[in-house]
Amino acid sequence: MIPKLVFATNNVHKLEEVRQILAGRYEVLSLNDIDCHEELPETHETLEENSLEKARYVKEHYGYDCFADDTGLEVDALKGKPGVYSARYATISEGAWKATGESHDAEANMQKLLLMLSDTPQEQRTAQFKTVVSLIQGDQTMQFVGRVKGMIAIERHGDEGFGYDPIFFPYNEDPDECQPTTLLPTTFAEMSGEEKNSISHRGRAMRRLERKLKS
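Definitions and limits used
In this numbering scheme, every chain counts its residues from 1 along its sequence in written order. In view of the model being predicted, local features appear only for residues whose pLDDT reaches at least 70, and side-chain atom pairs are presented and counted only at 80 or more, with totals across whole chains, interfaces and linings using the full set of residues. Only hydrogens and water are set aside when side-chain values are computed; all heavy atoms of the structure are taken into account. Axis geometry follows a simple rule: fit a line to the C-alpha atoms, using only the stretch in contact for helices, then measure angles between N-to-C directions, giving values from 0 to 180 degrees. Secondary structure is summarised from DSSP: a helix means a run of H or I of at least four residues, a strand means a run of E of at least two, and numbering begins at the N terminus for each. Here the word oblique covers every angle except those under 35 degrees (roughly parallel), over 145 (roughly antiparallel) and from 65 to 115 (roughly perpendicular). Take the far helix as the reference: if the near one is turned anticlockwise from it by less than a right angle, the crossing is left-handed, and if turned clockwise, right-handed. Whether two residues are in contact is decided by their heavy atoms: any pair within 4.5 Å suffices. Any residue that is not Ala, Val, Leu, Ile, Met, Phe, Trp, Tyr, Cys, Pro, Asp, Glu, Lys or Arg is counted as polar, Gly included; the first ten are nonpolar and the last four charged. Scored from 0 to 100, pLDDT reflects the predictor's confidence in each residue. The nonpolar core is taken to be a set of buried Ala, Val, Leu, Ile, Met, Phe, Trp, Tyr and Cys residues, with the residues joined through side-chain atoms within 4.5 Å. Each residue is placed in one exposure class: buried if its accessible area under a 1.4 Å probe, protein chains only, is under 20% of its type's maximum, exposed if it is over 50%, and partly exposed if it falls in between. Paired strands, as defined in this entry, are two strands with at least two bridges between them according to DSSP. The path from the first strand over the helix to the second decides the hand: if it runs clockwise while the strands point away from the viewer, the crossover is right-handed. In the sections that follow, a salt bridge refers to a side-chain nitrogen of Lys or Arg positioned within 4 Å of a carboxyl oxygen of Asp or Glu. Any two rings among Phe, Tyr and Trp, with Trp reduced to its six-membered ring, count as a pair given centres within 6.5 Å; such a pair is stacked if its planes are under 30 degrees apart, edge-to-face if over 60, and tilted if neither. The rule is short: NZ of Lys or CZ of Arg within 6 Å of the ring centre and within 35 degrees of the ring normal puts a charge over the ring. In this analysis, the expected span of each helix is defined as 1.5 Å times one less than the number of residues it contains.

**Comments concerning the packing of helix H1 (residues 12-21) against helix H5 (residues 201-214)**
Alright, step 1. At a minimum axis separation of 10 Å, H1 and H5 run at an interaxial angle of 40°. Here H5 runs oblique to H1, going by the angle between their axes. Two packed elements cross with a definite hand, and for H1 against H5 that hand is right-handed. Along its contact with H1, which presents Lys-14, Glu-17, Val-18 and Ile-21, the element H5 presents Arg-202, Gly-203, Met-206, Arg-207 and Glu-210.
Alright, step 2. For the contact of H1 with H5, a count of residues per class yields three nonpolar, one polar and five charged.

**Overview of the confidence of the model for the protein chain**
Alright, step 1. With 95% of its residues at a pLDDT of 70 or more, the protein chain shows a mean pLDDT of 92.
Alright, step 2. Taken element by element, the protein chain is modelled with least confidence in strand E6 (residues 98-99), mean pLDDT 46, and with most confidence in strand E9 (residues 168-170), mean pLDDT 98.
Alright, step 3. A low-confidence stretch, residues 96-101 stays under pLDDT 50, and its non-local contacts, those more than four residues away or across chains, total 16 contacts.

**Section: the nonpolar core**
Alright, step 1. Counting residues in each nonpolar core, the largest one holds 26 residues, and the members touching the most others are Leu-73, Val-75, Leu-113, Ile-152, Tyr-164, Ile-167 and Phe-168.
Alright, step 2. Contributions of two or more residues to this core are made by strand E3 (66-75), helix H3 (106-116), strand E7 (126-137), strand E8 (140-152) and E9.
Alright, step 3. With near-sequence residues (within four places) excluded, Phe-168 lies in contact with Leu-73, Ala-127, Gln-128, Phe-129, Val-148, Lys-149, Gly-150, Met-151, Ile-152, Thr-186, Thr-187 and Phe-188.
Alright, step 4. One finds Phe-7, Leu-22, Met-206 and Leu-209 within the second-largest nonpolar core, a separate group that totals 17 residues.

**Some details on the pairing of strand E1 (residues 4-7)**
Alright, step 1. Alignment of E1 against strand E2 (residues 27-29), held across three bridges, turns out to be parallel. Among the inter-strand pairings, Lys-4 is bridged to a residue of E2, identified as Glu-27.
Alright, step 2. Each parallel crossover has a hand, and the one from E1 via H1 to E2 is right-handed.
Alright, step 3. With two bridges joining them, E1 and E3 adopt parallel strand pairing. Directly across from Val-6, in E3, lies its bridge partner Cys-66.

**Things to note about the pattern of salt bridges**
Alright, step 1. Inspection of the entire model under this criterion finds 15 salt bridges.
Alright, step 2. Note that Lys-54 is salt-bridged to Glu-42, the shortest N-O span being 3.4 Å. Of this pair, Lys-54 sits in helix H2 (residues 47-62) while Glu-42 sits in the loop between E2 and H2, and the two are 12 residues apart along the sequence.
Alright, step 3. According to the relative accessible area criterion, Lys-54 is buried, its value standing at 8%.
Alright, step 4. By relative accessible area, which is 30% here, Glu-42 ends up partly exposed.

**Here we look at the packing of aromatic side chains**
Alright, step 1. A complete count under the given rule lists four aromatic pairs for this structure.
Alright, step 2. An aromatic cluster of at least three residues, connected via ring pairs, comprises Phe-129, Phe-168 and Phe-188.
Alright, step 3. Sitting above the plane of the Tyr-89 ring, Lys-112 keeps its charged end 4.6 Å from the centroid.
Alright, step 4. Across the ring face of Phe-188, the terminal group of Lys-196 is positioned such that the distance to the ring centre comes to 5.5 Å.

**Focus on the environment of Val-133**
Alright, step 1. Structurally, Val-133 can be placed in strand E7.
Alright, step 2. In contact with Val-133, other than residues within four places in its own chain, are Phe-67, Ala-68, Asp-69, Met-142, Gln-143, Phe-144, Ala-205, Met-206 and Leu-209.

**Digging into H5**
Alright, step 1. Across its 14 residues, H5 extends 20 Å between first and last C-alpha, which sits within 8% of the 20 Å expected from 1.5 Å per residue.
Alright, step 2. Turning to H5, its buried residues number three or more, namely His-201, Arg-202, Gly-203, Arg-204, Ala-205, Met-206, Arg-208, Leu-209, Glu-210 and Leu-213.
Alright, step 3. Considering only its buried residues, H5 is in contact with E1, H1, E3, E7, E8 and helix H4 (193-199).

Next up, the structure:
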């Protein structure tokens, strides 16, 4: 039997991506699979702290080795926003810069971002996705980071993926290994799951986790 790891999420899209990456090496369980139905805490201002907080919650309350991720879209023209609030961007009060609700409405988030960038020319719509994965295995705690740089589209393209995928054109190269130079002509939402995983922020973070698990 292959070992089990809990991925601290019930997001079916994230689960599908990660299960593809770890297929054959680990059985990836969701929060539903371990009867965890409460909202996991995300009380911090950084991706690193939030992902670790979620992983610790599962380990302390359910006893499973687990990993959790937190992902943000950082747009240069918006000084790094929406960042840690990417999943709740549509609920953000811009003056106070804090979430005013718990809604995770991907379409509303995209529409708000496009509105905020409506006067920004294409060449200045640079951005990056960043994922931080926190792994707690036994008494060890580790973090893995994956990033992908790209450009925010003027309008949506494609029907695959989730979140901001329809408005994000990625560069092919890993910015943690070399300077990105090849902007792909398709958004994440125009790619297959395998194509997206090969270059995505979450895919890169998970492959770093996978290399650690293999060692």
